[in-house]
Amino acid sequence: MRQYLDLCQRIIDEGEWVENERTGKRCLTVINADLEYDVANNQFPLITTRKSYWKAAIAEMLGYLRGYDNAADFRAIGCRTWDANANDNKDWLNNPHRKGEDDMGRVYGVQGRRWQKPDGSTLDQLQKIADDLKRGIDDRGEILTFYNPGEFDMGCLRPCMHTHTFSVLGDTLYLTSYQRSCDVPLGLNFNQVQVFFLLKIMAQISGLKPGKAYHKIVNAHIYEDQLQLMRDVQLKREPYPSPSLHINPEIKSLKDLETWVTLDDFEVKGYQYHEAIKYPFSV
Ligand SMILES: Nc1nc(=O)c2c([nH]1)NC[C@@H]1CN(c3ccc(C(=O)N[C@@H](CCC(=O)O)C(=O)O)cc3)CN21
Ligand SMILES: O=c1ccn([C@H]2C[C@H](O)[C@@H](COP(=O)(O)O)O2)c(=O)[nH]1
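Keep in mind that what you see is a predicted model, and the values were worked out from it rather than measured.

**Notes on unusual backbone geometry**
Here comes step 1: Phi at Asp102 takes a positive value of approximately 75°, unusual for a residue other than glycine.
Here comes step 2: Positionally, Asp102 belongs in the loop between helix H5 (90-93) and helix H6 (108-114).
Here comes step 3: Phi is positive for Tyr108, which is not a glycine, with a value near 30°.

Okay, structure coming up:
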């Protein structure tokens, strides 16, 4: 939790103002942040200085792992984060590739599960990783990437947390996740939960122990309309100790994740938090 608050403070102390054309807003910005999560000791990095909606964050990652490309599918599992980008983003609404209401296009999970190959077939990156990890194999290329520049014009948003690399040492699984752009008040709240969850669930279905997760962020920013709430409200609060995340031990395979898992299979214990803060969201 401290590392999150330190990053927020660093942006306020050292950040530079950058105009963002896409949203029409200015962002206070720093380059490069390295965060680390102790999954081995179940130190769940849930923000405690405001109420954080961890279930929606897990649902979003679950939707990516299932290859969802539609905001309605995300809503059905308890996540509304794609409603705005699928349906209120002017550029996307005018994009001929958009297939209608709620379509997100070829983003995240589509690339992760159905990467289009030149011969017309598709590649399932996640299945290959799950199969390898189950056999204890790390070929130094256990990489799940959602980043497909050739298809950016076919999706509503370029992926932000775009690449996840899994590594095995002995009987322990590690994860390194890369993020090109980070809305620290809103997005990072979710992304921290997702990196932690991704390592914990992949370790569980591989029969490996979870180790540490490393989260590498390039452009970390606070939008101008979020700054006052961050500086004068959230950063004035004292954090509480980390809660822990518990996953139904019956989840044993990628197939389980794809077929029957719901948010009821996840529980957070010991979550103490300060009251909610509503940060503005930029589409
Ligand atoms: N500007 C921007 N920031 C983001 O963080 C972001 C995007 N755009 N576009 C794509 C996804 C969508 N994400 C989102 C979208 C909404 C919330 C949000 O509104 N969170 C609220 C409440 C969530 C809830 O009630 O479940 C929050 O207070 O955290 C968070 C992340 C993360 N990403
Ligand atoms: O998982 C996510 C997804 C998105 N974001 C934020 C980062 C930026 O503020 C916007 C994306 O805008 P770009 O112009 O494409 O960089 O969404 C996030 O923090 N986490």
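**Here's the deal with the pattern of salt bridges**
Here comes step 1: Scanning the entire structure with this criterion turns up 20 salt bridges.
Here comes step 2: Between Lys128 and Glu142 there is a salt bridge, and its shortest N-O distance comes to 2.9 Å. In this pair, Lys128 sits in helix H7 (residues 125-134) while Glu142 sits in strand E5 (residues 142-145), placing the two residues 14 residues apart along the sequence.
Here comes step 3: What makes Lys128 partly exposed here is its relative accessible area of 33%.
Here comes step 4: Within the structure, one salt-bridge network assembled from shared partners comprises Arg75, Arg80, Asp83 and Asp102.

**With respect to the pairing of strand E7 (residues 172-183)**
Here comes step 1: In terms of burial, E7 is largely enclosed, as 10 of its 12 residues are buried.
Here comes step 2: Note: strand E6 (residues 161-169) against E7, eight bridges, orientation antiparallel. Bridge assignment links His164 to a residue of E7, and that residue is Ser177.
Here comes step 3: Counted between consecutive antiparallel strands, the loop separating E6 from E7 contains two residues, among which Gly170 sits at a positive phi close to 60°.
Here comes step 4: Sheet topology note: the E7/strand E8 (residues 209-223) ladder contains 10 bridges and is parallel.

**Looking at the confidence of the model for the chain**
Here comes step 1: Chain-level pLDDT for the chain is 97 on average; 100% of the residues reach the 70-or-more range.
Here comes step 2: The complex model carries a pTM of 0.98, and its ipTM stands at 0.98.

Calculation rules
Residues numbered from 1 in each chain as written. Chains lettered and ligands numbered in written order. Predicted model: local features only at pLDDT ≥ 70, side-chain atom pairs only at ≥ 80, totals over all residues. Heavy atoms only, no water. Helix = DSSP H or I, 4+ residues; strand = E, 2+ residues; numbered from the N terminus. Salt bridge = Lys/Arg side-chain N within 4 Å of Asp/Glu carboxyl O. Buried < 20%, exposed > 50% of the residue type's maximum accessible area, 1.4 Å probe, protein only. Pairing = 2+ DSSP bridges. pLDDT = per-residue confidence, 0-100.

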